[in-house]
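Next come the chains, spelled out residue by residue.
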Amino acid sequence: MSDLNKLTLAAARDRLRAKDVTSVELTQACLGAIEGSGALNAFVHQTPELALERAREADVRLAKGDAPDMCGLPIGIKDLFCTKGVLSQAGSAILDGFKPEYESTVSQNLQDAGAVMLGKLNMDEFAMGSSNETSTYGDVVSPWKRGNDDAKLTPGGSSGGSAAAVAADLCLAATGTDTGGSIRQPAAFVGITGIKPTYGRCSRWGVVAFASSLDQAGPMTKDVRDAAIMLEVMCGHDAKDSTSVDMAVPNFEAMLTGDIKGKKIGLPKEYRMDGMPAEIEKLWANGADMLRDAGAQIVDISLPHTKYALPAYYVIAPAEASSNLARYDGVRYGHRAKLDAGDGITEMYEKTRAEGFGHEVQRRVMIGTYVLSAGFYDAYYNRARRVRALIKRDFENVFADGVDAILTPTTPSAAFGLGEMADADPVQMYLNDVFTVTVNLAGLPGISVPAGVDKQGLPLGLQLIGRPWEEGDLLNTAYALEAAAGFVAKPAKWW
Amino acid sequence: MLDLAYDTPKPRVISGAKHDWELVIGLEVHAQVQSNAKLFSGASTTFGAEPNSNVAFVDSAMPGMLPVINEFCVEQAVRTGLGLKAKINLNSAFDRKNYFYPDLPQGYQISQLYHPIVGEGEVLVELGNGLARIVRIERIHLEQDAGKSIHDMDPNMSFVDLNRTGVALMEIVSRPDIRSPEEAAAFFTKLRQIVRYLGTCDGNMQNGSMRADVNVSICRVGQYEKYQETQDFSHLGTRCEIKNMNSMRFIQAAIEVEARRQIALVEGGGEVVQETRLYDPDKGETRSMRSKEEAHDYRYFPDPDLLPLEIEQSWVDDIAATLPELPDAKKARFINDFKLSDYDASVLTADVESARFFEETATGRDGKITANWVINELFGRLKKEGHDISASPVSPAQLGGIIDLITSDAISGKIAKDLFEIVYTDGGDPAQIVEDRGMKQVTDTGAIEAAVDEIIAANPAQVEKARANPKLAGWFVGQVMKATGGKANPKAVNQIVARKLNG
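Bear in mind that the values here come from a model prediction, so they are computed numbers and not experimental data.

A.B. asks: Mind laying out the overall build of chain A, listing which residues take part and the relevant values?
C.D. replies: Within chain A, the secondary structure is distributed over 15 helices and 11 strands. Computed over its C-alpha atoms, the radius of gyration of chain A comes to 21 Å, within 12% of the 23 Å expected for a compact globule of 495 residues. Its C-alpha atoms give chain A principal-axis dimensions of about 70 × 55 × 50 Å. Burial statistics for chain A: of 495 residues in total, 64% are counted as buried. Of all intrachain contacts in chain A linking residues separated by at least 6 positions in sequence, the fraction that spans at least 24 positions is 77%. Total accessible area on chain A stands at roughly 17000 Å², and carbon and sulfur atoms take up 51% of it. Side chains of chain A give 49 positive and 62 negative charges; the mean places of these two sets differ by 2 Å.

A.B. asks: Please give an account of the packing of aromatic side chains that cites residues and values.
C.D. replies: Two numbers describe a pair of aromatic rings. These are the distance of the centres and the angle of the planes. Residue and element names in this part refer to chain B. This structure, assessed with the given rule, holds 32 aromatic pairs over all chains. Ring geometry for Phe-334 against Phe-358: centres 5.2 Å apart, planes inclined by 55°, an arrangement best described as tilted. Here Phe-334 is found in helix α6 (residues 327–338), whereas its partner Phe-358 is found in helix α8 (residues 352–362), with 24 residues between them in sequence. Grouping residues by exposure puts Phe-334 and Phe-358 together as buried.

A.B. asks: Describe in detail unusual backbone geometry, supporting the description with residues and values.
C.D. replies: Here the bond from Gly157(A) into Ser158(A) is cis, since omega is 5°, no more than 30 degrees from zero. Even without glycine at this site, Asn41(A) takes up a positive phi of about 60°. Asn41(A) gets classed as partly exposed once you look at its relative accessible area, which sits at 21%. Notably, Ala61(B) is not glycine yet its phi reads approximately 55°, a positive angle. Following the sequence through the fold, Ala61(B) ends up in the loop between β2 (20–32) and α1 (71–83). On the basis of relative accessible area, Ala61(B) is assigned to the buried category, the value being 0%.

A.B. asks: Give a description of the layout of surface pockets that names residues and reports values.
C.D. replies: All names here are of chain B. In this structure, the second largest pocket occupies an estimated 1200 Å³ of space. The set of elements that each furnish at least two residues to the lining of the second largest pocket consists of β6 (121–128), α2 (181–198), α6, α7 (342–348), α8 and α9 (367–384). For the lining of the second largest pocket, the element with the most residues is α2, which contributes six residues.

A.B. asks: How would you explain a nonpolar patch on the surface if you had to name every residue and give the values?
C.D. replies: Where nonpolar side chains cluster on the molecular surface, the patch consists of Tyr370(A), Phe376(A) and Tyr380(A) and spans about 260 Å² of accessible area. The exposure class assigned to Phe376(A) is partly exposed, which follows from its relative accessible area of 31%.

A.B. asks: Provide a residue-level description of the interface of chain A and chain B, including the pertinent values.
C.D. replies: Facing the 40 residues of chain A at the interface are 30 residues of chain B. Roughly 2800 Å² is buried in total at the junction of chain A and chain B, and carbon and sulfur atoms are behind 60% of that figure. Where chain A touches chain B, the interface holds one salt bridge. Its salt-bridge partner being Asp305(B), residue Arg204(A) comes within 3.1 Å of it at the nearest N-O pair. Counting across the chain A and chain B interface gives 16 residue pairs in polar contact (both at pLDDT 80 or more).

A.B. asks: Tell me about the sheet that holds strand β11 (residues 459–466) of chain A, residues and numbers included.
C.D. replies: Residue and element names in this part refer to chain A. Strand order across the open sheet formed by 11 strands is β1-β3-β2-β4-β6-β5-β10-β11-β9-β7-β8, with mixed pairing between neighbours. At either end of the open sheet lies a strand with only one pairing partner, and these are β1 (43–46) and β8 (297–301). The mean inter-strand angle of the sheet, taken between neighbouring strand axes irrespective of direction, is 30°. Relative to strand β9 (residues 405–409), strand β7 (residues 264–268) runs parallel, the two sharing two bridges. Within β9, the position partnered with Gly-266 by the bridge is Ile-406. Taken strand by strand, helix α3 (residues 48–64) contacts β1 and β3 (116–121), and its axis lies near 155° from that of β3. Helix α5 (residues 160–167) contacts β1, β2 (74–78), β3, β4 (173–178) and β6 (216–221) of the sheet and is inclined by roughly 155° relative to β4.

A.B. asks: Residue-level account of the environment of Arg139(B), with values.
C.D. replies: Residue and element names in this part refer to chain B. Relative to the elements of secondary structure, Arg-139 occurs in strand β7 (residues 131–144). For the pair Arg-139 and Val-118, spaced 21 residues apart in sequence, the C-alpha to C-alpha distance is 5.5 Å. Leave out the neighbours within four places in its chain, and Arg-139 touches Gln-112, Leu-113, Pro-116, Val-118, Gly-119, Glu-171, Ile-172 and Val-173. From its side chain, Arg-139 meets the backbone oxygen of Leu-113 in a polar contact 3.1 Å long. A polar side-chain atom of Arg-139 sits 3.2 Å from a polar atom in the side chain of His-141.

A.B. asks: Outline the confidence of the model for chain B, listing residues and values.
C.D. replies: Per-residue confidence for chain B gives a mean pLDDT of 93, with 98% of residues at or over 70. As scored by the predictor, the complex reaches a pTM of 0.92 and an ipTM of 0.96.

A.B. asks: Outline the sheet that holds strand β5 (residues 108–111) of chain B, listing residues and values.
C.D. replies: Sheet strands pair by backbone hydrogen bonding; their relative direction is either parallel or antiparallel. Residue and element names in this part refer to chain B. Taken in spatial order, the three strands of this open sheet run β5-β4-β15, and their pairing is antiparallel. Pairing within the sheet leaves two strands with one partner each, and these edge strands are β5 and β15 (301–302). In this sheet, β15 lies alongside strand β4 (residues 95–98) in antiparallel orientation, the contact comprising two bridges. Pairing of Arg-96 across the sheet is with Phe-301, part of β15.

Calculation notes
- Residues numbered from 1 in each chain as written.
- Chains lettered and ligands numbered in written order.
- Predicted model: local features only at pLDDT ≥ 70, side-chain atom pairs only at ≥ 80, totals over all residues.
- Heavy atoms only, no water.
- Helix = DSSP H or I, 4+ residues; strand = E, 2+ residues; numbered from the N terminus.
- Rg over C-alpha atoms; globule rule 2.2 N^0.38 Å.
- Buried < 20%, exposed > 50% of the residue type's maximum accessible area, 1.4 Å probe, protein only.
- Contact = heavy atoms within 4.5 Å.
- Areas by Shrake-Rupley, 256 points an atom, 1.4 Å probe, with all protein chains shown as cover.
- Lys, Arg positive; Asp, Glu negative; His and termini not counted.
- Charge placed at Lys NZ, Arg CZ, Asp CG, Glu CD.
- Phe/Tyr/Trp six-rings, centres within 6.5 Å; stacked < 30°, edge-to-face > 60°.
- 1 Å grid on protein atoms, 1.4 Å probe; cavity = no way out; pocket = protein on both sides within 12 Å on 5 of 7 lines; lining within 4 Å.
- Points joined across faces, edges and corners; volume = space filled by probe spheres on them.
- Patch = residues over 30% accessible without salt bridge, like charges linked within 9 Å, V, L, I, M, F, W, Y side chains within 5 Å.
- Salt bridge = Lys/Arg side-chain N within 4 Å of Asp/Glu carboxyl O.
- Buried area = accessible area lost by both parts, 1.4 Å probe.
- Polar contact = N/O pair within 3.5 Å; in protein donor to acceptor, adjacent residues only side chain to side chain.
- Pairing = 2+ DSSP bridges.
- Axes fitted to C-alpha atoms, helices over the stretch in contact; angles between N-to-C directions.
- pLDDT = per-residue confidence, 0-100.

Have a look at this one:
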């Protein structure tokens, strides 16, 4: 029984239905695993009593035979999701002590399906970061190590806590959010599956906003089948989010046939970057071979505006963030600075925001404020929007030519060490997102599947990008890739 | 509709020390949309609720909360646009206007800078005496109102009430077509009249439901015509914006003092700088609110939480089909159908309720007599008690009954006034009251003759005088009226007195 936390969602579901195990037992296994995982710093708020209460409720539902797919399955929730009565701080000190009076639509959907929340997961502050080093709760440590090197590695970001927790079997799966790669990059770094659905698939209501036109929630799971199961529960139309799309949600799991014969998979030449490690090149080529062997047709494609994606992203995302984060002013909730005699409202804002926001958030708020300011708006923000439209059109053209999915590496490298980028130019850190941001800019679904390890034994991921609203098809292609890659590596437990 | 011909009013000219100057004025009117719920939340818009009781999570900008457009507010904006004969934009969009203030929880106001819902329209502004001007409307956009900051409740603290936060406003922007303080007030009044007719804004200025920012500039005589020909603003002076006025009197006074300030400044060799100013009614001056350097950079950008607002022409057509008769049309119809004077028609169509009252009363009756009774007696009486027409204790049926008694010669005009007072204070059916109280006019000439004979017999000296000077006959008429308790038909009394004195 002690390894129940290592189960996939699908396996646990089947065992629950077979009455082979109870949700309480699954939940206790995970709570036990979490208890010993302090060194990873993945869970930042644990809710064991609440979890056991929900597990008992799930067991009642299961006994009655009223058991949706996620019923009784213990999962972690990224701290960016507002969870009623449970601290929700988006990894930031400025939301110190904030307990929402409401539950985000996505976490509510999971709860309604019977999923059991174990607690809240660490993340980069306001989802701004690619290494989970900007959190007010401190760094998340990856369960992986480089060979015999004891150096602590990043699990990636911003959904670093979710990635580490799933990879270390602290929970069966976790929610993540992805604004520029925040699900896919950490999934690749820790050897798990992460999908960002089409923009509009998952409601953003109750998810602390970073960049509203790019933010999407998605599942981070141990395999592709689990991603299909969990995504189906998370998504769906929500009248409370004007950008949520009213479209039927298919049974994604039923679409996992593994048959990709005749599918046309594109390899974009612009993603072959100078200085890309040979291992990544090789992984990519292997991935293409695997898909070809499975019956897909591999074609070279061009996405000509790719090189402008990262700069455009780092204009649009900070611009929206600078406005979205204006509400953290110390007036109504969260942190408020202690004021000196004679301080007025301006000092209150300045001190509160200087104390409450970390450096990376401050940097992006300032960049965003700058690019929106009078005289610079056209040169930066409007130009970035035009680039965005061109990038979207690049994809549309390729799909119009009959391409079903696009294969790329998820990241330009394997996980790096915590602190290794501390002195680097921030742009070096931003380069982590170079293969993933295009997908957010175009609003497309993208999935990262673990496909191999580098020479130090660290996981590497491949990304598949799909047509809008065709997550089912995308998941099936990923399923075929997963089967061919046969990735089974797990981190050795050291924590 | 009757075509009304008007003359264009002359612009206000102020003589400076060196030159004559004309005024150029444009208004931005903020009209609170009449709706039950706010623009992007389900919270109530009721005025005067407990502080912070009408606040949804999105109004207080809780993390992760999202705005969802209230369709009815959009409908109201469209209705207003149609009422101003304006172009309705089937595609519009919302932008964020970013600035920090405690009564603006999001840190931005959702507004429509780039693509407003309503485009160009026009308003006929009448000034009386056959003068009127067409003022062009540039645009109407929808936006959120801010909350209320209260700084005077505590020496060390400020308080914030978010009840008003997120309530829908229409910003109605005019072109600089207004040329005098009086025209500005008349324009504001006309807008208020129209939105009240439409039911899109209650027009309550005291509660702040309607307020105006006024743009004022001055120019030398002849420059304005060049602007109108070319629409090139360089022919006009630099404008200053006087913020947030909610009284007709203040609007006029502020324009006057601001124009004089600008004239003195320019004639003294200075230059008007474009800035935002506040009017201080106590000191009778405008003051700079923030200089150009302090001006906010609002960093407008399209709100990514909201999709572009797309509406169907058929929906607009449906709204147009339900539009009520508007003031201009109603006034023209009243002049035409009821043979009213321009002035009376204006008074009676000032608001929907008055017009409805008049029309209900006048239907099947003499329009002019009805207008006199409604305006002079009823409005006069209501005004004395500070009531408006909706609180009238006299119904159209009752007033109509009184008028019927007059026109059928059943009662005299004087008695009618007494009767009106009785109906106003005690209620009841006028005909019945006249019956019960014996107020009917005496038209029996025999009875009147007897009364006249009696008075002539009793006052021989007066008879002598009256025969010498026929103007004094009125004294006899008065005596007869007195003797009959005012019920004698005055026309009959006059005739009989004249006959007897001369006889």
